[in-house]
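Given next are the chains, with one letter for each unit.
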Amino acid sequence: MMSGGIFPEKKFILENIFNVRKPIIGMVHLKPLPGAPHYKGESMDEIVEFALEDVRRLEEGGVDGLQIENAWDIPFPKPEDFSFETVAAMTAIGVEIAKASKLPLGVNCLANAVIPAIAIAKACKAKWVRSNQWVNAYVANEGIVEGASAKAMRYKANLFGDDIKVMADVHVKHGSHSIVADRSLAEQTRDNEFFDADILIATGNRTGDETSLDELIGIKESASLPVIIGSGMTVQNAKKIMSIADGAIVGSFLKENGNWWERVDTDRVKQFMDQVNSLR
């Protein structure tokens, strides 16, 4: 942990949200939503029920929180092109999840559509949003994506959204960081803190990729905020990761056959959480 902070210390953020040490957030990967290329005309009732079934399985398996994501809306638009129908659909799903589960809920809108995520979070009383690029910029599959923090924080303030926290990737997945290659990992960590993130995320290069321990340690050593894992945590690597990280977002490993696009597998969730609970 760095000394001499660059922003007033934010204490116990994770504990206040999840009421547990080193929380595990289970991913709810949404089916293709209206307007997306893979959407084939399914009713919203079908899409909602698919999400609710994954929620039931994650909750039965013992996770500490949930995060919805428009994972099937590939290829993802840039933030300024994130559509009204996607916001509407994700809000409808989020509201139903909030009714069905008492677990804390978060929102991630791909790609890096933080302002729409905040709007959805406000409507369904979600506790956080994930930002894949909070400061600086990177070259992504979608093109050049700039940090969302300045506009997002003003939008959040306009909605009186102080209760909505920001989980920010220090290095985003599916992107090149050559634009900021002259800035060290420590500096980029401090950049995210300086622009008022609440929780930092260390993640792998692609969905499901194991997060490098060097990346995790480098961020952790430079941060005063909690640092959680954003991808690639499994039963096999849980011990080494949990010894350093303050929690994790877990998707692929909790699915049938370890594929993010399949159903949540309750037995895999229970196996995973048994391992986690033995470590915290």
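See the structure above.
Residues numbered from 1 in each chain as written. Predicted model: local features only at pLDDT ≥ 70, side-chain atom pairs only at ≥ 80, totals over all residues. Heavy atoms only, no water.

**A closer look at the side chain of K22**
Part 1: Looking at the element boundaries, K22 is found in the loop between α1 (13-18) and β1 (24-29).
Part 2: Here M242 takes part through its backbone oxygen, which lies 2.3 Å from a polar atom of the side chain of K22.
Part 3: Among residues more than four places away in sequence, those in contact with K22 are D64, M242, S243, I244, A245, D246, G247 and R280. (Helix = DSSP H or I, 4+ residues; strand = E, 2+ residues; numbered from the N terminus. Polar contact = N/O pair within 3.5 Å; in protein donor to acceptor, adjacent residues only side chain to side chain. Contact = heavy atoms within 4.5 Å.)

**Structural notes on helix α5 (residues 149-158)**
Part 1: Turning to α5, its buried residues are S149, A152 and K156. Within α5, the buried residues cover an arc of 70° as seen down the axis, which keeps them to one side. Summarising the geometry of α5, the exposed residues directed more than 90 degrees from the buried face are K151, R154 and N158.
Part 2: Buried residues along α5 sit in contact with α4 (114-124) and β7 (165-169).
Part 3: Just downstream of α5, F160 is the residue with a positive phi angle, here 55°. (Buried < 20%, exposed > 50% of the residue type's maximum accessible area, 1.4 Å probe, protein only. Arc of directions from axis to C-beta.)

**Some points on the side chain of D64**
Part 1: Within the secondary structure layout, D64 lies in the loop between α2 (44-61) and β2 (65-69).
Part 2: For D64, the side chain forms a polar contact with the main-chain nitrogen of I24, separated by 2.8 Å.
Part 3: Within the structure, the side chain of D64 is placed 2.8 Å from the side chain of R280, a separation counted as a polar contact.

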